[in-house]
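Chain by chain, the residues:
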Amino acid sequence: MDFLNAFIALSNFVIVPAVAYGSQLALGALGVTLIYGILRFSNFAHGDTMAFGAMVTVLMTWLFQAQGVSLGPLPTALLALPFGILGCMLLVLITDRAVYRFYRAQKAKPVIFVIVSLGVTFILNGIVRFIIGPDDQRFLDGERFIVSARTFREMTGLREGLAFKTTQGITIVTAVVVVALLFWFLNRTRTGKSMRAYSDNEDLALLSGINPERVVMVTWLIVAALATTAGVLYGLDKSFKPFTYFQLLLPIFASAIVGGLGNPLGAIAGGFVIAFSEVTVTYAWKKVVTYIVPEEMAPSGLLQLLSTDYKFAVSFLILLIVLLFKPTGLFKGKAV
Amino acid sequence: MNAPLVKNMMLFAIVAVLIAYVGVTQGWNTALVIVNMGLISAIMALGVNLQWGFAGLFNVGIMGFVALGGLAAVLMGMPATPGAFEAGGWTILGALAFAVAVIGAVVLLRSRMAPGVLRKLVVVGMLVAGFFIYRALFDPGVAAVEEINPALTGYLGGLGINQGLWVALAWPVGGLFAAAAAWVIGKTALGLRSDYLAIATLGIAEIIISVLKNEDWLSRGVKNVVGLPRPTPFEIELQNDPAFVERAAGLGFTAVEASTLYVKLLYAGLFLIVLLVLLWMAQRALNSPWGRMMRAIRDNEVAAEAMGKDVTARHLQIFVLGSAICGIAGAMMTTLDGQLTPGTYQPLRFTFLVWVMVIVGGSGNNFGAVLGGFLIWFLWVQVEPMGLWLMELITSGMADGSPLKAHLIESAAHMRLFTMGLVLLLVLRFSPRGLIPER
């Protein structure tokens, strides 16, 4: 029995990747939940908004790399991120002006907004593929590891290594900073408070002189920043491929619903719930269990609950369970 | 004749002329390919129109239901793999039956026991234990089946119904498969906010595709099942038939040309029959008391509920029916292709394109859905050459070999997504009732 090695193996293959993935999902779900709270519809174009922001960042990163600008050990993408956010902000403001505002003025039903957002998905998908193509793109540079598995083994003398990738570190740090900024904004500033008021009770907010168009605009700007950051972090950690962002919609929506749609705190919790379930259910537990149980009881199989191809099924199952038993989510979200 | 009828006939005539124009310029074979897929698209659009146009239900899982229909074509048409059932097939089916029994027992227990900590523990305990027992039963069976000649079979196979028109029996079975999946989804997500159904259907579609991709014992996964039986004769048989060759020569066709056209025409005839039957049924439903009730529910749920209508049950009913029609279309498509290729199912192609068809055609109007099916399918096929032509026109002033020109021409293929999105948004904005509006 060797609990220390078991714990290191667990951290290496489950905890660290799940925390990084969870942070990415949480940032994505925050965007979905903000749109839902303020504009009151599920934005199906969110995945492709992420792809668009990430694409601008990738293009800027290539420009910087060509110019020889770099951040040393950190990925150049961090330097390009603000430009990506600006590009994405421009995009969402244009789509809001050209598309969504008309239906807002008409007070269209939420489901019409959802269909319209599907149309936007199509167009964004076309634009992204048109500009950068449908293939995988590499834009990661700098140091690959903060601590590599080998250094860790040499430092501690343990059998198991704990690798900590730079992208994972950046993901976690960025997510914490972004979330702290967002909550400070929502709870402390006048605009943030007016957003929350608008989300809670639209009529009352209008009555107290809050300008709805301004609230909507600020929401889109924040969502663009969140979406681009989430998209870039995911792209750095895994890889940038336009279609994967569309597929991310399901876990992102699942996170937002599990936490309670319209509730920012819930979106973060939901992101981690989904990420940890996905990783633990699709991880082959053989290694960890072998360390814990006595030698003669070591398992012969992989001890994998579901093959990794079914990771979407995990978020879907959680989604179904929540819809069946607690449709408002773990944290009280908006009404059903 | 009244004005709207003339206008609608004009619209159908325009689509017919468009397809005929393709026939003249690009060959009748291409035109018939468009017609056949147009017929299938029209059936899918009918199903979605039932859900959205009649009842206002937002289903973005059409791809999944279409793929389930395709699975039915495999399970009905392909011969059983020799020895597969003896090796592990019964074990697999037993394991699946066991899983269903466990879930049934859990549901039953949950309704019998008083709520509390004990109930939660029992439910979770049974599910976890059940899952591990299920895996212990299931995995050896799968391994045994997939070991049988993996290069060619490695799956259970099907019922082997491959004689002539009997092949078409797979189509209603595909509808049944889709209906079963729709029932599970509808049971959980209907009655909640409208967005939840959208998200749940988006999820089930992804999962159905990943099951088809990964469960090799069922339909060979990404190794694809090819050579599905077809209700029509093979081209090569016709070409070897002297009587057929003679008749073709009499009409001025070579044997090869005539045989491909003849087979496609046969398919078109079969699909047309299915479309007409479904269209007739949909029209009857629309004009029946049931159809009026559905529209009443769509337009004002609260009022319909006050009149004593069970809104959730009616929604479930129409959701299952619409999905079943998509399943039928999916089975027909797989039969037409002659193969099941799970890797080619893309949500943009199979879900959102059908949505564009319904909305452009006119939601709530069955003829609108059919028109939309043909028109949008035609555009989807033809936008690519048109986009290429447009790009060549735009870049004609640029120097040959400039990277921008190469990139623009290379990316022309992605124009179709953009065009479809634009069409959808423009129609929603400026003509939200579609080309043939609901009466």
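Every residue gets a number counted from 1 within its own chain, in the order that chain's sequence is written. Chain letters and ligand numbers both follow the written order, the letters beginning at A and the numbers at 1. pLDDT decides what is reported in this predicted model: residues at 70 or higher carry local features, side-chain atom pairs at 80 or more are listed and counted, and totals for whole chains, interfaces and linings draw on all residues regardless.

S.K.: In this structure, what is going on with the overall build of chain A? I would like to understand it.
M.R.: Scanning chain A from N- to C-terminus turns up 14 helices and two strands. Only C-alpha atoms enter the radius of gyration, while the globule expectation follows 2.2 Å times N to the 0.38, with N the number of residues. The C-alpha radius of gyration computed for chain A amounts to 21 Å, which stays within 12% of the reference 20 Å derived for 336 residues, consistent with globular compactness. Viewed in the frame of its principal axes, chain A has a C-alpha envelope of about 70 × 55 × 35 Å. We call two residues in contact when the distance between their C-beta atoms, placed using the backbone, is within 7 Å. Long-range contacts, defined as pairs at least 24 residues apart, comprise 76% of the intrachain contacts of chain A with a sequence gap of at least 6. Strands are runs of DSSP state E lasting at least two residues, helices are runs of H or I lasting at least four, and both sets are numbered from the N terminus onward.

S.K.: How should the overall build of chain B be read in this particular structure?
M.R.: Within chain B, the regular secondary structure consists of 18 helices and two strands. In terms of overall dimensions, chain B is globule-like: its C-alpha atoms have a radius of gyration of 25 Å, near the 22 Å expected for 439 residues. With the C-alpha coordinates aligned to their principal axes, the bounding extent of chain B is approximately 75 × 60 × 55 Å.

S.K.: Looking at this structure, how should I read the interface of chain B and chain A?
M.R.: Each partner contributes to the interface: chain B provides 33 residues, whereas chain A provides 35 residues. Mapped onto the side of chain B that touches chain A, the elements with two or more residues apiece are α6 (170-189), α7 (194-214), α15 (347-361) and α18 (415-430) of chain B. In terms of residue count, the dominant contributor to the side of chain B that touches chain A is α7(B) (13 residues). For the side of chain B that touches chain A, a count of residues per class yields 20 nonpolar, eight polar and five charged. Any residue outside Ala, Val, Leu, Ile, Met, Phe, Trp, Tyr, Cys, Pro, Asp, Glu, Lys and Arg is labelled polar, Gly included; the first ten of those are nonpolar and the last four are charged.

S.K.: Just checking my understanding: could you explain the domain arrangement of chain B for this structure?
M.R.: All names here are of chain B. Once the domains are mapped, chain B shows domain 1 (3-79 + 157-430) and domain 2 (81-156). Boundaries between domains were set according to an automatic or database domain assignment. Just the C-alpha atoms count here: the centres of domain 1 and domain 2 sit 34 Å apart. Counting from both sides, the interface comprises six residues of domain 1 and, opposite them, ten residues of domain 2.

S.K.: Would you take a moment to explain the environment of B:L272 for this structure?
M.R.: Structurally, B:L272 is set in helix α11 (residues 255-286). For the pair B:L272 and B:A248, spaced 24 residues apart in sequence, the C-alpha to C-alpha distance is 24 Å.

S.K.: Even after reading the chapter, I still don't get the UniProt feature "transmembrane region" (unreviewed entry) in chain A, so can you show me in this structure?
M.R.: Residues and elements named next belong to chain A. UniProt positions are given in the numbering used here, feature names are shortened, and annotations may be inferred rather than shown by experiment. Here the UniProt-annotated "transmembrane region" (unreviewed entry) positions come out as residues 6-39, 51-71, 77-99, 111-132, 168-186, 215-236 and 305-325. In residues 51-71, helix accounts for 81% and strand for 0%; the two terminal C-alpha atoms are 23 Å from one another. With 100% helix and 0% strand, residues 111-132 has its two end C-alpha atoms placed 31 Å apart.

S.K.: How should I be thinking about α11(B) in this particular structure?
M.R.: In an α-helix, one turn spans 3.6 residues; hence positions three or four apart end up facing the same way. Residues and elements named next belong to chain B. To estimate the expected span of a helix, count its residues, drop one, and scale the result by 1.5 Å. With 32 residues, α11 extends 46 Å from end C-alpha to end C-alpha; this agrees with the ideal 46 Å at 1.5 Å per step. Labels follow a simple rule on C-beta atoms placed from the backbone: if 20 or more others lie within 10 Å of a residue's own, it is buried; if 12 or fewer, it is exposed; otherwise it is partly exposed. When α11 is considered as a whole, its buried residues turn out to be A258, S259, K264, Y267, L270, F271, L275, L278, A282 and L286. Here the buried face of α11 lies against α2 (28-54), α9 (235-239), α10 (242-250), α12 (289-299), α14 (311-337) and α16 (366-394).

S.K.: What is the right way to look at the environment of A:T121 in this model?
M.R.: Residues and elements named next belong to chain A. Checked against the element boundaries, T121 lands in helix α4 (residues 110-132). C-beta crowding within 10 Å serves as the criterion here: with 26 such atoms nearby, T121 is assigned to the buried category. Put simply, T121 and L302 are 181 residues apart on the chain and 39 Å apart in space, counted from C-alpha to C-alpha. Setting aside anything within four residues of it in sequence, one finds T121 in contact with F44, A45 and D48.

S.K.: Looking at this model, I keep getting lost on the confidence of the model for chain B. Mind explaining?
M.R.: For any part of a model where pLDDT is low, the fine detail of the predicted coordinates should not be relied upon. All names here are of chain B. The predictor attaches a confidence to each residue, called pLDDT, with possible values from 0 through 100. On average, residues of chain B carry a pLDDT of 90, and 100% of them reach 70 or more. Here helix α17 (residues 403-410) stands out as the least confident element of chain B, with mean pLDDT 78; α14 is the most confident, with 95. Reported confidences for the modelled complex are a pTM of 0.90 and an ipTM of 0.87.

S.K.: Quick question: what am I supposed to make of the environment of A:P110 here?
M.R.: Among the structural elements, A:P110 can be located in helix α4. Distance from A:P110 to A:V19, taken between C-alpha atoms, is 33 Å for residues 91 residues apart in sequence.

S.K.: Sorry, what's going on with the packing of helix α3 (residues 62-77) of chain B against α6(B) here?
M.R.: Each packed pair of helices is defined by two parameters, the angle between the axes and the distance between the axes. All names here are of chain B. Only the stretch in contact is used when a helix axis is fitted, and all axes are lines through C-alpha atoms; the angle between N-to-C directions ranges over 0 to 180 degrees. In the contact formed by α3 and α6, the axes pass within 8 Å of each other and the chain directions differ by 135°. In terms of orientation, α3 and α6 fall into the oblique class. By crossing handedness, the relation of α3 to α6 is classed as right-handed. Where α3 approaches α6, its residues G64, F65, L68, G69, L71, A72, A73, M76 and G77 are matched on the opposing element by A170, V173, G174, G175, F177, A178, A181 and A182. Tallied by class, residues from the contact of α3 with α6 come to twelve nonpolar, five polar and no charged. Roughly parallel means an angle under 35 degrees; roughly antiparallel means over 145; roughly perpendicular covers 65 to 115; every other angle is labelled oblique. By convention the crossing between two helices is left-handed if the near helix lies anticlockwise of the far one by an angle smaller than a right angle, and right-handed if it lies clockwise.

S.K.: What is the right way to look at unusual backbone geometry in this model?
M.R.: Peptide bonds are, in most cases, trans, and in most cases residues other than glycine have a negative phi. Residue and element names in this part refer to chain B. Positive phi, normally seen in glycine, also occurs at R220, with a value near 65°. For R220, the location among the structural elements is in the loop between α8 (216-219) and β1 (225-226). The phi dihedral of N224 is positive, around 65°, even though this residue is not glycine. Residue position: N224 is located in the loop between α8 and β1. Take N224: there are 14 C-beta atoms within 10 Å of it, and that puts it in the partly exposed class.

S.K.: Is there a simple way to think about the packing of helix α7 (residues 190-200) of chain A against helix α9 (residues 212-237) of chain A in this case?
M.R.: Residues and elements named next belong to chain A. Where α7 contacts α9, the axes come no closer than 10 Å and their chain directions differ by 105°. Classified by the angle their axes make, α7 and α9 are roughly perpendicular. Judged by residue contacts, T191, S194, M195 and Y198 of α7 engage P212, V215, V218 and T219 from α9. When its residues are assigned to classes, the contact of α7 with α9 shows five nonpolar, three polar and no charged.

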